[in-house]
Amino acid sequence: MSQSPGQGIDRLLAAAIVLLAGALVWVVAGTMDVHVTNAGDQAPDFKIVGDDGKTYTRSDFGGKLLVLNFWASWCAPCVQEVPSLEAFEHVLGPEGVVVLGVSIDTSQKRYEQFLRRFRVDFPTARDPEANISSNYGTFQIPETYLIDSTGKVREKIISNQNWVDPQFVDRVKAMLR
């Protein structure tokens, strides 16, 4: 039984469609592979200019425990935790803890109002495109990473935290030894 020229073209088009669909699935699946940083992982490097004009990178905190906190002014849990995070920094800062707050606020005005309202003293920076938090696999805020002097994530905290809870403070002090 012979094929008509139209049937051959139909089969060729069908094969091309199947191949293109397979290629599309492969490309889409590759873009969906999001890395999520967890405790025990090496923390991704970053570079950001803080409100104080200094450029901060992950390695700038040599010998100290970096508390990298992602937040936004419109985030209710962020608002709840900032007073205790500020107190935590005052208590453990002299012992070798550095807090760096990275806001994903798109509004510079709301960001600045938040900092004034809560009198935030620790270094802060704004990353409106959320590039750094995305590199960490952070899509919920607040989210915080405790990063040791070797760049290893010692603990990851999702949602708000009572930073001055005595048991938590003791756990952080143990990381400093």
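First, a word on what this report is: a plain description of the structure on this page. (Residues numbered from 1 in each chain as written. Predicted model: local features only at pLDDT ≥ 70, side-chain atom pairs only at ≥ 80, totals over all residues. Heavy atoms only, no water.)

1. A short note on the overall build of the protein
Summing up its helical and strand segments, the protein has five helices and seven strands in all. Going through the 177 residues of the protein one by one, you find that 41% of them count as buried. Of all intrachain contacts in the protein linking residues separated by at least 6 positions in sequence, the fraction that spans at least 24 positions is 67%. Surface exposure of the protein reaches about 10,200 Å², of which carbon and sulfur atoms provide 56%. (Helix = DSSP H or I, 4+ residues; strand = E, 2+ residues; numbered from the N terminus. Buried < 20%, exposed > 50% of the residue type's maximum accessible area, 1.4 Å probe, protein only. Contact = heavy atoms within 4.5 Å. Areas by Shrake-Rupley, 256 points an atom, 1.4 Å probe, with all protein chains shown as cover.)

2. Let's talk about unusual backbone geometry
Cis geometry is adopted by the peptide bond preceding P142, which originates at I141 and carries an omega value of -5°. With respect to the helices and strands, the residue P142 is situated in the loop between helix 4 (131–136) and strand 6 (143–147). Of note, the phi angle at A130 is positive, near 55°, even though the residue is not glycine. Note that A130 resides in the loop between strand 5 (124–126) and helix 4.

3. Looking at the packing of aromatic side chains
Applying the stated criterion across every chain, the model contains 10 aromatic pairs. An aromatic cluster is built from W71, Y111, F114 and F118, whose rings are joined through pairwise contacts. (Phe/Tyr/Trp six-rings, centres within 6.5 Å; stacked < 30°, edge-to-face > 60°.)

4. Description of the pairing of strand 3 (residues 65–71)
With seven of seven residues buried, strand 3 lies mostly within the body of the structure. A two-sided burial pattern is seen for strand 3, the buried positions comprising L65, V67, N69 and W71 on one face and L66, L68 and F70 on the other. Alignment of strand 3 against strand 4 (residues 97–103), held across seven bridges, turns out to be parallel. Bridging from a neighbouring strand, N69 pairs with G101 of strand 4. Assessed by its sense of winding, the connection that carries the chain from strand 3 through helix 2 (residues 76–92) to strand 4 is right-handed. Pairing between strand 3 and strand 6: five bridges, direction antiparallel. Pairing of V67 across the sheet is with L146, part of strand 6. (Pairing = 2+ DSSP bridges. Right-handed = clockwise from strand over helix to strand, strands pointing away.)

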